[in-house]
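Residue-level structural notes
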Amino acid sequence: MYQTFRLAYCDFGSNDVTRLSDYYGEILGATEMPASSPDQRYFSFGFDDHNIRLFKSERVGFALVGLQLRKGLSVAEFTRILSDKGLAPRRMSDARSGVADLVEVDVAGHRLQFIEDMAIAAPGFGRSGIVPNRIGHLGMISSDATTLVSFFTEVLGFHKTDWFENVAC
């Protein structure tokens, strides 16, 4: 059984937050949220408080992903599942705008957060650019792809559809 419902948010580090913000705002058509600052910006694709967080960092690129748990699965229950699998989950309250409770775990060099729900700020959809209504796809690179794939299949219940020479799945 799948443990997650949807890809909720992603965080990206950048040494030029303004330039990357221009991409998300002007090209993609995401709505910049008011809590933004010069070193940190939040963007919404329409329904959620934020779907993208950009922050100033010398380490450029993907920083973390937030996944919404399937209906009926609580953060507390999923924390126990992660612990039972030998992982070291960290439960946090109010650690993220619009999210009251989450559990975070590191897997194969990636930080993953799991939430029950996110505040619906309903900023509306952008009026120019591509204007997606959600995050629908994410590619993750790992030097330990086998562990990452095992987590997604054995813990989250995803199905492996393709495997490309231990490079992509």
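Here, every reference points to the structure presented above.
A brief report on the enclosed structure follows. Position numbers for residues count from 1 along each chain, tracking the sequence in the order it is written. Per-residue local features of the predicted model are confined to residues with pLDDT of at least 70, and side-chain atom pairs are confined, for both listing and counting, to 80 or more; whole-chain, interface and lining totals are unaffected and use all residues. Neither water nor hydrogens contribute to the side-chain values; these are computed over all heavy atoms in the structure.

This part takes up the overall build of the protein. A run of DSSP states H or I qualifies as a helix once it reaches four residues; a run of E qualifies as a strand once it reaches two. Both are numbered from the N-terminal end. Helices and strands together make up the secondary structure of the protein, namely three helices and eight strands. Going from N to C terminus, the protein has its helices and strands arranged as β-α-β-β-β-β-α-β-β-β-α. Relative accessible area decides the class of each residue, using a 1.4 Å probe on protein chains only: under 20% of the type maximum gives buried, over 50% gives exposed, and in between gives partly exposed. The burial tally for the protein puts 40% of its 169 residues in the buried class. A sequence separation of at least 24 residues applies to 63% of the contacts in the protein between residues at least 6 apart. Per-residue accessibility takes into account occlusion by the displayed protein chains alone, with areas from the Shrake-Rupley method and a 1.4 Å probe. Here the protein displays about 9600 Å² of accessible surface, and carbon together with sulfur accounts for 50% of that area. Any two residues whose heavy atoms approach within 4.5 Å at even a single point are treated as in contact.

Let us now look at the nonpolar core. Each nonpolar core is a collection of buried residues, namely Ala, Val, Leu, Ile, Met, Phe, Trp, Tyr and Cys, held together in the definition by side-chain atoms within 4.5 Å. Ile-52, Phe-78, Phe-114, Phe-151 and Leu-156 are the most contacted members of the largest nonpolar core, which totals 30 residues. Elements represented by at least two residues in this core include exactly strand S1 (4–14), helix H1 (17–27), strand S4 (52–56), strand S5 (61–69), helix H2 (75–84), strand S7 (99–107), strand S8 (110–115) and helix H3 (145–155). Top contributing element to this core by residue count: H3, with four residues. Residues contacting Phe-151, with those up to four places away along its chain left out, are Leu-82, Leu-87, Val-105, Val-107, Leu-112, Phe-114 and Leu-156. Residues Leu-64, Leu-102, Ile-115 and Met-118 belong to the second largest nonpolar core, which totals seven residues.

Before going further, it helps to spend a moment on the pairing of S7. Taking burial as the measure, the nine residues of S7 include seven buried ones, the bulk of the element. The pairing criterion for strands is at least two bridges between them, as found by DSSP. Note: strand S6 (residues 90–96) against S7, five bridges, orientation antiparallel. The partner of Arg-96 across the bridge, within S7, is Val-99. Counted between consecutive antiparallel strands, the loop separating S6 from S7 contains two residues, among which Gly-98 sits at a positive phi close to 85°. Pairing analysis gives six bridges linking S7 to S8, with the strands arranged antiparallel. If you follow Glu-104 over to S8, its bridge partner there is Gln-113. From the end of S7 to the start of S8, which pair antiparallel, there are two residues, and Ala-108 there has a positive phi angle of about 50°.

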